[in-house]
Amino acid sequence: MTEIKNVQIELHTPHVLNSMEERDSKNLFDYQYDNIEKKGNYAQKYQSKNRKITSNRPDYQLPDNSIQTSKYTLLNFFPKQLFEQFSKLANVYFVLMGALQMVPEVSISSGIPTIYLPLGFIILVSGAKDFYEDYKRRTSDNEENKQQVTAFDGKDFVKIPSYELRVGHIVKVNQDEIISADMILLRSSEKKGICYVETKSLDGETNLKQKNVHVDLLQTFKSDDCFGQLDKRIILKYQAPTPYLYKFIGETTTSNLQVSSINFNNFLLRGCNLRNVKYVFGLVAYTGHDTKIMMNSYKARTKRSKLEVKMQQFILIIFITQFIMCIIASLVYSITYFNNRQYLNYLYIGENTSEYTIPYNFFVRFGNWMLIFNNFVPISLLVTLEMVKFIQGKIMTLDEKLNQPRVQTSNLNEELGQIEHIFSDKTGTLTCNIMEFKQIIIGNQNYGDILRSSDDYIRDDELLNYPQVSNVDFRDKTLMQAINDKNHIMHDKVEECLKMISICHTVISDQKDGKLIYNATSPDELALLNFARFVGFEFLGTDENNIKRISYQEQIIEYQLLEMFEFTSARKRQSILVQVINTGDIYLFSKGADSVLLDQVRLSKEELNKNEYHQLVQRLQEYGKIGLRTLVLSKRKLSKQEYEEWHKRYQLATQQIENREEKMQVLQDELEKNYEILGATAIEDKLQQDVADTIAAVKAAGIKVWVLTGDKIETAINIGYSCSLLTNNLVQHIVDEKEELLINERLDDILNKIPTLQTTQGQALIISGDALLHALKPDIQKKVAEVCGYCEVVLCCRVSPKQKQDVVSLIRGRNQLCSTLAIGDGANDVNMITAAHVGVGIRGVEGQQAARAADYSVQEFRELRRLLFFHGRECYRRNSVLVCYTFYKNILVVLPQFWYGILSMYSAQSLYDTFIYQLFNILYGALPIMIYGIFDEEYDADQLTDNKLQNYYQQGPQGVLFNIQIVLFWVFCGFWQAAILCFFPTYTISENFVENSGFTHHLWAQGTMIFGLIVVICNLKVLLFSNTYTPALLGSISFSMISYLLSWIILDNIPQAEAYVVFQSLFQTPNFHFGNILVIAAICSIDIALNIKLNRVLQKVNQNTSIKTPFSLNNLSIHQPPKIGGKLNNKAHTGFAFNCLDRDELEDQDKIDLYGIDNQVQSQNG
């Protein structure tokens, strides 16, 4: 992609201009637009300059709002198609062969390029397929471009097509409509100037986001009919288009010369849905391909299966073989002719002519033989394979047991049958991503860990007396007692902790049908807030003045929201700064990872010395061991003076344009210290259905499973046991060091220990994200790959989206022959999915972005079993046979002419009618193998999915059905069968091949008989190796043979045909029929014997691949101590539950790899 220079926008801090500046206000709106560069490509012209526009004054120099995701237009379809088709070497080869056919001295088809008939058909079919797929994209584009939007035309709001929108238009968007362009928010139907958008189509998040009209614009646009007034015009100065979804920097200037800074909170993105407000008005800033969603429309790299790569190599080998055979045949003829020229006077070749010389004869015969052998390279293979794969993909989508999977890359069907490594996300992929609140620690008390037999256990009938909420499984009455009894020793601590949970969040409340509904940015936050509601602390919402209200024991408690510090992957915490309205007290509440909030730097000295601190650390470790996700809750009380001094500096930082976010972060860190611990929460993320059985089956099939998760090590280990990833038979090697030297030593220690362990013991590697930072460096990753080679299970904990991709790339780079599959459900899994050979997305709670980026998408993880073991295994088997058979039938049709060269002094005499010869790969030998590739089944689908009787799957990863030995076997069959087809008619039949007139049949009769036998043998061959005899297969074989007979009947009556009246005379000769029976019987009997032998060899190979017996889940206990190679660090490995999109990772680490683009502006996060 064209490199785009970094630009920095020069904006001003918000202020009202003074009287001197006011004198220039008359010229404020009197300027020419200068938003584009004069020269360059699209990006250089339209995406490299910062912009300045006036509201309601469209800039017609900038692109309109139309989009094009289709590849072709009516004008460029044919030139682009021709370029793409002839960028394939095989097609170029056949074009050259056609040109060679037009050279009179060389041509064997009377100068007619007959090869162009099948070539044209194949190009036509391939082009039609591309046209159909692109037409669907084109139709989708047209629907979106013609979508009606409401835009201001200077007098009134009118409906116009979306593609007519321009930068500078003012647009009205109604509730539930899709936002048609990137725009700044000018006005909302809500008095407080807020609106809510759903960004699922952009980042995969299904929860609503709040957007706000800037306070200055809120005062400017006070009514819905003010947009035509001259004094309501504004100037927007803002940055050039960038792909960063969460970045926008700009400033507005009103007619009264008030300048205000605009950020992402005031910005609406194309593709979002407007929710929960009646309407909003916006000023269009980016249109069409300059919008952020279009700039983030990445094009995944082209993926090719191992079978396809090997196939191209074999085609090259076949071409080289053809070239050598042509040289040999030409040399033999040239030398033989030269040595015997005195006996060949009947040819009337003069001694003084060039034809009398060896060089001339060599090059002419070389051209002849190249044309005779042009079918050596299978002209129909690529298009046949593409069509078969396409239909295989359609059949997958119709599989009822897979719950409507989506196939977006059918080219990888057979790769599903060759997977050796599976890389899986955990949350939402192995687990349901539906959180349930389980336990809470407040002070030194643990609430929620209670037995059913206890008197303090809340029974099912008693639950009816509590608020009915979702995502909560809490049954401990002792917490209720502490809440209701004001004299209880824990009452104050419990009340303060629960109030904190009720207000420290970004949840949006909404009233629907008289019920209070929460829209949360993460399922963890929803579980926390519903828990607070369950125990009596109900969050009511936030009003237009940013006052948060909670209801507790029939009283309303109000908090003035001062600041909100959002969660990021770097911060690992979320903080809220509030003032209690009744008392005026100012508090900073924070929740986040214990590794951050329990850090000695952030806790007060008094807190560090308390026993509660040490008890909390221990309890968090216990939570981790039982697979719970944790959050630490803390607070800090600020004096009014302390807050005001800090607030002034923070406001200045928010008004900066350069390094704004870095300066804000420094001030946030300054405030987030000297915490007091309030407690900690524990949330459970349940496993999906049949995950344990699926992983056990996958491991039993010999596939290595890696889980890449953001959880702590203890949680990951526990989840590993519960989902059958880890067993007590595995020796666990844990790498959690943070220094490069220690990591090196740890890896050396593991490599030394592994050879000393019992061979029956499996290995498992568990490595943290901190260790991976160093372990993926070039000088260490070799050791990591070596350790992983011994391990059947790898757990990577606390990893970022970028590290997920790096881990997949590590395995791909270290073992070029292995096939990898990555499966995930979130936007942060996209890199991993696109980096693997095969990407599978789960259409789950976190949106559709992973599913859209994947090659295949399913509803649940358990469907992966059927996708691999049945569809993948069968596609690999059928497609392998299809490719080998295509090589075989082309050898069978070409080689009889080579064998006949023994009798004809390799004079390049063709045996076949030219037109019939060119129709072989299109009409006579193409359809049956396609039917086989689509419908054939070796075993029952459920039997293959279970994969218990034997390891049916391993034939794919081991490459049993498609390798050099198998291809040579098929080639060998083609060679000996071609010899029989040539010599049987010649020596056993031709001598007595006599017409009624007493003359022997001529050469064309012999060639016709040979070609007819080839058609029969090729079609019967499909019947011999098929496992399923469907009506479609039998019908296709009959069609191929009948079409051949009809072709001959037609040609037999055309006087200009080379084999005129040959077919009629052949059918009147008894030897013709006896010869056919003899040849077919001889070839089929030998072929059956060889196939039986081959099948026995393959069965023996499959039987040697034993299934690893899955352990019994009934005997599994997650509390059993695992075998661990090495010791854990002294520092506890505890994590946190905060499941939201990792924006920093997406923006800063993954941008180049995920979207395939260059950074256009400097990241504000560094």
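Basis of the calculations
- Residues numbered from 1 in each chain as written.
- Predicted model: local features only at pLDDT ≥ 70, side-chain atom pairs only at ≥ 80, totals over all residues.
- Heavy atoms only, no water.
- Helix = DSSP H or I, 4+ residues; strand = E, 2+ residues; numbered from the N terminus.
- Buried < 20%, exposed > 50% of the residue type's maximum accessible area, 1.4 Å probe, protein only.
- Contact = heavy atoms within 4.5 Å.
- Areas by Shrake-Rupley, 256 points an atom, 1.4 Å probe, with all protein chains shown as cover.
- Salt bridge = Lys/Arg side-chain N within 4 Å of Asp/Glu carboxyl O.
- UniProt positions renumbered as here; feature names shortened; annotations may be inferred.
- Polar contact = N/O pair within 3.5 Å; in protein donor to acceptor, adjacent residues only side chain to side chain.
- Pairing = 2+ DSSP bridges.
- pLDDT = per-residue confidence, 0-100.
- Patch = residues over 30% accessible without salt bridge, like charges linked within 9 Å, V, L, I, M, F, W, Y side chains within 5 Å.
- Core = buried A, V, L, I, M, F, W, Y, C linked by side-chain atoms within 4.5 Å.
- Axes fitted to C-alpha atoms, helices over the stretch in contact; angles between N-to-C directions.
- Phe/Tyr/Trp six-rings, centres within 6.5 Å; stacked < 30°, edge-to-face > 60°.
- Lys NZ or Arg CZ within 6 Å of the ring centre and 35° of its normal.

Q: Quick question: what am I supposed to make of the overall build of the protein chain here?
A: Each helix and strand in the protein chain was counted, giving 39 helices and 35 strands. Out of the 1166 residues belonging to the protein chain, those deemed buried represent 56%. Looking at the protein chain alone, contacts between residues at least 24 apart form 75% of all its contacts between residues at least 6 apart. Accessible surface, the protein chain as shown: approximately 50,000 Å² in total, 53% of it carbon and sulfur.

Q: What's the story with the pattern of salt bridges in this structure? I'm lost.
A: When charged atoms on two side chains of opposite charge get close, those side chains can pair. According to the stated counting rule, one finds 46 salt bridges in the structure shown. Arg275 is paired through a salt bridge with Glu198; the nearest N and O atoms lie 3.2 Å apart. One end of the pair, Arg275, is in strand S13 (residues 273-275); the other, Glu198, is in strand S7 (residues 194-198), and 77 residues separate them in sequence. The class of Arg275 is partly exposed, set by a relative accessible area of 21%. For Glu198, a relative accessible area of 14% corresponds to the buried category. Salt bridges linked by common partners bring Lys438, Asp460, Asp473, Arg475 and Glu684 together as one network.

Q: Explain the UniProt feature "active site" (unreviewed entry) in the protein chain to me, please; I cannot follow it from the model alone.
A: Feature annotation in UniProt assigns "active site" (unreviewed entry) to the following positions: Asp425. We classify Asp425 as buried; its relative accessible area is 7%. For Asp425, the contacting residues outside a window of four places in its chain are Leu430, Leu708, Lys804, Ile823, Gly824, Asp825, Asp829 and Met832. In terms of polar contacts, Asp425 uses its side chain to reach the side chain of Thr429, at 3.4 Å.

Q: Looking at this structure, how should I read the sheet that holds strand S14 (residues 279-286)?
A: Hydrogen bonds between backbone atoms are what pair the strands of a sheet, whose relative direction is either parallel or antiparallel. Here six strands make up an open sheet; going across it, the order is S4-S3-S5-S14-S6-S12 and the pairing antiparallel. Edge positions in the sheet fall to strand S4 (157-161) and strand S12 (267-268), since each has one partner strand and no second. As judged from the two bridges shared by strand S3 (residues 148-152) and strand S5 (residues 170-174), these two strands associate in the antiparallel manner. Within S5, the residue paired with Ala151 across the bridge is Val171.

Q: How should the confidence of the model for the protein chain be read in this particular structure?
A: Low-pLDDT portions of the prediction should not be read for the details of their coordinates. With 86% of its residues at a pLDDT of 70 or more, the protein chain has an overall mean of 81. A low-confidence stretch, residues 1109-1136 stays under pLDDT 50, and its non-local contacts, those more than four residues away or across chains, total 61 contacts. Every residue in residues 1138-1166 scores below 50 in pLDDT, and together they form 112 contacts with partners more than four places removed in sequence or on other chains.

Q: Can you walk me through a nonpolar patch on the surface in this structure?
A: The grouping of Leu316, Ile320, Ile324, Ile328 and Val332 at the surface amounts to a nonpolar patch, some 410 Å² of accessible area in total. On the secondary structure map, Ile328 appears in helix H9 (residues 306-339).

Q: Just checking my understanding: could you explain the nonpolar core for this structure?
A: It is characteristic of soluble globular proteins that their nonpolar side chains tend to be buried jointly. Phe373, Phe887, Phe962, Trp970, Leu981, Phe1011 and Ile1014 are the most contacted members of the largest nonpolar core, which has 100 residues in total. Considering each element in turn, this core owes the most residues, 16 residues, to helix H28 (residues 863-904). The residues touching Phe1011, leaving out its near neighbours within four places in the chain, are Val893, Tyr912, Ile916, Tyr917, Phe920, Tyr924 and Tyr1044. Among the nonpolar cores identified, the runner-up in size contains 54 residues, and Tyr46, Val197, Phe221 and Tyr246 belong to it.

Q: Teacher, can you tell me more about the side chain of Asp1087 here?
A: Within the fold, Asp1087 resides in helix H37 (residues 1070-1104). By relative accessible area, Asp1087 is classed as buried at 3%. Engagement of the side chain of Asp1087 in a polar contact is seen with the side chain of Gln977, the distance being 3.3 Å. Leaving out residues up to four positions away in the same chain, Asp1087 has contacts with Cys973, Trp976, Gln977, Lys1021 and Leu1024.

Q: How do you make sense of the environment of Lys704 when you look at a structure like this?
A: Topologically, Lys704 is positioned in strand S28 (residues 704-708). Here the alpha-carbon distance between Lys704 and Val794, two residues 90 residues apart in the chain, equals 8.1 Å. Residues contacting Lys704, with those up to four places away along its chain left out, are Glu420, His421, Ile422, Cys788, Gly789, Cys791 and Glu792.

Q: Hey, could you run me through the sheet that holds strand S8 (residues 208-212) in this one?
A: Pairing is antiparallel in the open sheet, where three strands are placed in the order S8-S7-S13. Looking at strand neighbours, the two that pair on one side only are S8 and S13, the edges of this open sheet. Each strand axis lies, on average, 40 degrees off the axis of its neighbour in the sheet, ignoring direction. Here three bridges tie S7 to S13, and the two strands are oriented antiparallel to one another. Residue pairing in the sheet places Glu198 in a bridge with Asn273 of S13.

Q: Is there a simple way to think about the pairing of S28 in this case?
A: Consecutive side chains along a regular strand alternate between the two faces of the sheet. Judged by how many residues are buried, S28 sits mostly within the fold: four of five residues are covered. In this structure, S28 lies alongside strand S31 (residues 793-797), joined through four bridges in parallel fashion. In the sheet register, Val705 faces S31, and the bridge partner there is Val793.

Q: Sorry if this is basic, but what is going on with the packing of aromatic side chains here?
A: The way to describe two aromatic rings as a pair is by their centre distance and the angle between their planes. For the structure on display, the rule yields 59 aromatic pairs. Note on Phe362 and Phe363: the rings are 5.2 Å apart at their centroids and 80 degrees apart in plane angle, and the pair reads as edge-to-face. Here the aromatic rings of Phe537 and Tyr552 are separated by 4.1 Å at their centres, their planes lie at 10 degrees, and the arrangement is stacked. One end of the pair, Phe537, is in strand S21 (residues 537-542); the other, Tyr552, is in strand S22 (residues 547-552), with 15 residues separating them in the sequence. Residue classification places Phe537 among the buried positions, given a relative accessible area of 0%. On the basis of relative accessible area, Tyr552 is assigned to the buried category, the value being 2%. One aromatic cluster in this structure is built from Trp369, Phe373, Phe376, Phe898, Trp899, Tyr906, Phe975 and Phe983. The aromatic ring of Tyr31 is capped on one face by Arg57, whose charged end is 4.9 Å from the ring centroid. For Arg233, the ring lying beneath its charged end belongs to Phe29, and the centroid distance is 4.1 Å.

Q: Is there a simple way to explain the environment of Gln909 in this structure?
A: The topology assignment puts Gln909 in the loop between H28 and helix H29 (914-918). Not counting residues up to four positions away in its chain, the partners in contact with Gln909 are Ile372 and Leu1003.

Q: For this particular structure, what's the right way to read helix H20 (residues 691-700)?
A: Residues spaced three or four apart along an α-helix face the same direction, because each turn holds 3.6 residues. The buried fraction of H20 amounts to nine of the 10 residues, a majority that puts the element mostly inside the structure. Among the residues making up H20, those that are buried are Val691, Ala692, Thr694, Ile695, Ala696, Ala697, Val698, Lys699 and Ala700. Count one or two residues on from H20 and you reach Gly702, which has phi positive near 95 degrees.

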